Amino acid sequence: MKQRSLLQKCLAAPHMVWTVLFIIAPLLFVAYYAFTDSEGAFTFDNILKSLEADYMVIFFRSISLAIIATFICLIIAYPMAYAISRAKPSAQKIIIMLVMLPMWMNFLIRTYSWMSILEDTGFINQLLIKLGLEPVHMINTSGAVVLGMVYNFLPYMILPIYTVMVKIDRRLVEAAHDLGCNSFGVMTKVIFPLSISGVVSGVTMVFVPSISTFYISQKLGGGNFDLIGDTIERQFQTAYNYNLGAAISLILMVLIIISMAIMNKFSDEDGGMVV
Amino acid sequence: MKTMSRLYTTLIFVFLYAPIGILVLFSFNVSNSTGVFMGFSLDWYKELFRDSATLAALKNTLILAVTSSVIATVIGTAAAVGIDRMKNQYVKGALISATNIPMMNPDIVTGISMMLLFVFVGGLLKLDNNLSFATLLIAHITFNLPYVILSVLPKIRQLDSQLPEAAMDLGCTPMKAFFKVELPAIMPGVLSGLIMAFTLSLDDFVISYFTIGSGFETLPIRIYSMTKKRVTPDMYALSTLIFIAVLLLLILSNVISAKAEKKPKKK
C-alpha cells in the first residue's frame, strides 16, 4: 500500500502548486499593490483615497443597484422556480434547458442588443409611437442598468432555487394541508424555509456579478452610472494606476466577504429553524 | 392557477429571449442598422465569412477553450482523486477553500489579480510583452479548475474505495487500477466538468480582458472592441449561427438521453 499512498500524494500536487502560484499569489499581489505606491514603498494612501467621497458615492451606488437587481431577480425567479418544479418532469427538462440557453450566447452581444430595444428610437419606443403613445426615455438611466443586471443574471437565481425546490418532498405539502394549513401558510411555513439554501446561493450568484460589473453600466448606463467595476477597469486599462485599482479591488473583496457572511448567518438561522 | 403559472413562465421567456430575437432579426437586415429593419437579406452572413479577423478570433477562442478545458480536466481530475484520499482534514479543507476562490471572487478581481502577477513577474524577468497567449491560457485553466474538481469530487465520494484495492489484489498496478477501475466509474463527472470548463472558457470576457496580450484576440474580446464603436450585423449573424448550433446540440443531447432512459423500461 505504500506505493499507492505515494501515488495519491502526487495526484493533488500539480493542483496544489497551481493553486499557490495562480490563486494565492495573485491575491497577495493585489494586497501588495494596494499598500504600496508606484515606487514600491509602503503606504496607506491608496486605501485612504478609495475611501474618499468621490469613490464612496460609487461604492454606495454599486451596492444599492446590486441589491435592487438581486431583489428583483429573487421576486421574479422564486415563482418561476416554483412553477417549473410543479410542471411535468418532461416539461421541466425543456423549461430548464430554455432558461440556460441564453447563457450560451455571448453576454456582451446580448447586452448590446438591449440597446436597440431601449434606445430613444429603439424597438419599444417605435412600438409606443405606432400605438399613438408618448415615447419614454429608457436608455442611460439607472433603471436600464438594473434591467441589464436582472436580464443577465436571472438564470443564476432561477436554477439554484429550482434545484432545491424540486427535491422538496410533496408529502410535506400534503401533510401541511391535512393539518389545516392554507396555501399561504404552506408557502411561508413549509416551502420557503425548505428552499432557503437555494435562495442563499441564488442571491450570492446574482449579487457578486452585479456589484462588480462594468460592461452593463457602460452600455446601458451610457457612462453616467459608474460602478465599482468601472472604476477598477479604468485604473487598469486607461489610467494605469494599478495601486489605486488594487486598493479598490481589495475593498470590493472585503465588501463581498462581509455580505456573504451576513447571508450565511441568515441561512444558518433559518436552517436551524427547519431542523 | 395552472394558466397563471403558464402565463408567468411565458412572460419570463419573452424577457429572456427578447434581445436574442432582436439580434436574429437584425442579422437579416438589408442595411447595416441595428435599430431599424429595412428588409430581408443574407448579406451579413456572406459578410461574416469574408471577415477574416472575426473568423480568426473564433478559431483562437476554440483553440483556447479546447486546450484550457483539457488541461484543467486532467489536473482537476487528478486533484479530485488526491483530495478525496487526503488524510489530513486541515490541509484538505484549506485546499478545497483555496480552489473555490476563483468561483467566489468577482471575475474582475480574479482578472486583475492575475494581471498584477503577470505584470510583476514580467517586470522581474524583463520580458517586453509579458501578456500573451500563455498568460491567457494560465488564467483560463485557473478559473476552470474549481468547476472540474467540483463535478468530479462527488463522483469519487460515491465510488466504493474497495474496488481499486480489489483490482490491485488481483494483480493490477495502482496506475492500471486507476485507469481500469476508478476512471471509468467517475467518467460522467469528468465529462460534465470538461463540458462546463469548455463553455466557461468559450464565453469568458472579463478575465480574458485583463490577461490577454496584444496580437491575440478571442471572440468576446473582439466583440467588446466592436461594441465600443458600432456593432455591424455580421456579429449578429455569427451569434445567430452559434445560437442555432447550441440549440441543435441541446436538442440532440436531450433526444439521446431520453432514448437512454427508455431503454431499460423495454427490457
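Residues numbered from 1 in each chain as written. Chains lettered and ligands numbered in written order. Predicted model: local features only at pLDDT ≥ 70, side-chain atom pairs only at ≥ 80, totals over all residues.

Overview of the overall build of chain A
Across its full length, chain A holds 12 helices and 0 strands. Starting at the N terminus and walking to the C terminus, you meet the elements of chain A as α-α-α-α-α-α-α-α-α-α-α-α. Viewed in the frame of its principal axes, chain A has a C-alpha envelope of about 80 × 70 × 35 Å. Buried residues in chain A amount to 41% of all 275 residues. In chain A, the share of contacts with a sequence separation of at least 24, taken over all contacts with a separation of at least 6, comes to 71%. (Helix = DSSP H or I, 4+ residues; strand = E, 2+ residues; numbered from the N terminus. Buried ≥ 20, exposed ≤ 12 C-beta atoms within 10 Å, placed from the backbone. Contact = placed C-beta atoms within 7 Å.)

Focus on the overall build of chain B
Scanning chain B from terminus to terminus reveals 11 helices and 0 strands. Radius of gyration (C-alpha) of chain B: 23 Å, far over the 18 Å computed for a compact globule of 267 residues. Projected onto its principal axes, the C-alpha coordinates of chain B cover approximately 75 × 65 × 40 Å. When burial is assessed residue by residue, chain B has 37% of its 267 residues classed as buried. (Rg over C-alpha atoms; globule rule 2.2 N^0.38 Å.)

Quick word on the interface of chain A and chain B
Facing the 63 residues of chain A at the interface are 61 residues of chain B. Counting residues per element, the ones that place at least two in the side of chain A that touches chain B are helix 1 (2–34), helix 3 (53–86), helix 4 (89–100), helix 5 (107–118), helix 7 (142–165), helix 9 (183–212), helix 11 (228–237) and helix 12 (242–274) of chain A. Per element, the largest residue contribution to the side of chain A that touches chain B is 20 residues, and it comes from helix 1 of chain A. Residue composition of the side of chain A that touches chain B, by class: 44 nonpolar, 13 polar and 6 charged. (Nonpolar A, V, L, I, M, F, W, Y, C, P; charged D, E, K, R; others polar.)

Quick look at helix 11 of chain A
For an α-helix, the turn length of 3.6 residues means that residues three or four places apart are oriented alike. Counting buried residues in helix 11 of chain A gives 8 out of 10 residues, a clear majority hidden from the surface. Of all the positions in helix 11 of chain A, only Ile228(A), Gly229(A), Asp230(A), Thr231(A), Ile232(A), Glu233(A), Gln235(A) and Phe236(A) are classed as buried.

Re unusual backbone geometry
Both trends apply: most residues other than glycine have a negative phi, and most peptide bonds are in trans. All names here are of chain A. One non-glycine residue, asparagine 140, adopts positive backbone phi at about 60°. With respect to the helices, strands and loops of the structure, asparagine 140 is situated in the loop between helix 6 (123–130) and helix 7. Here asparagine 140 falls in the partly exposed class, since 19 other C-beta atoms lie within 10 Å of it.

What about the packing of helix 4 of chain A against helix 7 of chain A?
Residue and element names in this part refer to chain A. Following both chains from N to C, one finds helix 4 and helix 7 inclined at 150°, their axes separated by 10 Å at the closest point. Considering the angle they form, helix 4 stands roughly antiparallel to helix 7. Handedness of the helix 4/helix 7 crossing: left-handed. When helix 4 is examined against helix 7, the residues Ile96, Val99 and Met100 are found in contact with a partner set consisting of Pro155, Ile158, Leu159 and Tyr162. Tallied by class, the residues present in the contact of helix 4 with helix 7 amount to 7 nonpolar, no polar and no charged. (Axes fitted to C-alpha atoms, helices over the stretch in contact; angles between N-to-C directions. Parallel < 35°, antiparallel > 145°, perpendicular 65-115°, else oblique. Left-handed = near helix turned anticlockwise from the far one by under 90°.)

Observations regarding the environment of Ala98(B)
Secondary-structure assignment places Ala98(B) in helix 4 (residues 89–104). Separated by 70 residues in the primary sequence, Ala98(B) and Phe28(B) place their C-alpha atoms 47 Å from one another. In contact with Ala98(B), not counting residues within four places along its chain, are Thr19(A), Ile23(A) and Ile24(A).

As far as function goes, none of this settles anything; it's purely spatial.
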